[in-house]
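# Survey of secondary and tertiary structure
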Amino acid sequence: MQPSKEREASDGDPMDDLDDLLDDDLAGGEGEPDAETGGAATPEPSAGSSRAGEAGRIGVSGRWFSAKAFALALVTVAVGVFVGGLIPLIGGTIGTAGGVFLAAFLLGLVVSTRRYVETGIAGAAAGATSAVTSVLGVGFLPIGIDYLSQWGLPLVAVGGGAGLALALLGHYFGRDLRAGLTEDIGG
């Protein structure tokens, strides 16, 4: 046991425990180098977790970012944008925005874990893509390309920001409804 951990265990300050957890997370869970092993770092399992069964933070099924959840969010948002664009009299920008919101809402309602990062990135991509394609689809193509060369980056930023905000709000409200539906009614 490291000297700082022995001191922390003796005084029982919760902030020291939090600092210890953050240090372990930032260090990747590896211990300090040992003099007996020739300076090689030996992994030090943290209390209550084993390295073999622990999922990573980023990856195919990560806790912070999951490629599977991102693919699901991207497909769901793309379908929502497509269906929102098909609505007569509302389609276009409003239909696309409604499709992003509704797709993220349904994703938050169905998926059991919080996936704000994946849903937000999918919504931002849909918003930016929709903004660019709406400019290219209006009028004569060389005029649209000239407009994009002058105002493309701000247009992508505004479209992506709107898509991000709508996706995060939709996911939040979907998770909120899911929590309300799955909680027991207290008496």
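These figures come from a predicted structure and were not determined experimentally.

All right, on to the side chain of Thr-119 then. For Thr-119, the position within the fold is in helix 5 (residues 116-136). Setting aside residues no more than four positions away along its own chain, Thr-119 makes contact with Ala-73, Ala-104, Leu-107, Ala-167 and His-171.

The next thing to look at is the UniProt feature "transmembrane region" (unreviewed entry) in the chain. Mapped onto this structure's residue numbering, the UniProt feature "transmembrane region" (unreviewed entry) falls at residues 69-87, 93-111, 123-145 and 151-173. For residues 123-145, the end-to-end C-alpha separation is 24 Å, with 83% helix and 0% strand making up the annotated structure.

Under the counting rule described, the total for this entry stands at two aromatic pairs. With a centroid separation of 5.5 Å and an interplanar angle of 65 degrees, the aromatic rings of Tyr-172 and Phe-173 are classed as edge-to-face. Counting every residue linked through ring pairs, the aromatic cluster contains Phe-101, Tyr-172 and Phe-173.

Moving on to a nonpolar patch on the surface. Together, Val-75, Val-79, Phe-82, Val-83 and Leu-86 make up a nonpolar patch on the protein surface, roughly 500 Å² of accessible area in all. By the secondary structure assignment, Leu-86 is in helix 3 (residues 67-86). On the basis of relative accessibility, which here comes to 55%, the residue Leu-86 falls in the exposed class.

Thresholds applied
Residues numbered from 1 in each chain as written. Predicted model: local features only at pLDDT ≥ 70, side-chain atom pairs only at ≥ 80, totals over all residues. Heavy atoms only, no water. Helix = DSSP H or I, 4+ residues; strand = E, 2+ residues; numbered from the N terminus. Contact = heavy atoms within 4.5 Å. UniProt positions renumbered as here; feature names shortened; annotations may be inferred. Phe/Tyr/Trp six-rings, centres within 6.5 Å; stacked < 30°, edge-to-face > 60°. Patch = residues over 30% accessible without salt bridge, like charges linked within 9 Å, V, L, I, M, F, W, Y side chains within 5 Å. Areas by Shrake-Rupley, 256 points an atom, 1.4 Å probe, with all protein chains shown as cover. Salt bridge = Lys/Arg side-chain N within 4 Å of Asp/Glu carboxyl O. Buried < 20%, exposed > 50% of the residue type's maximum accessible area, 1.4 Å probe, protein only.

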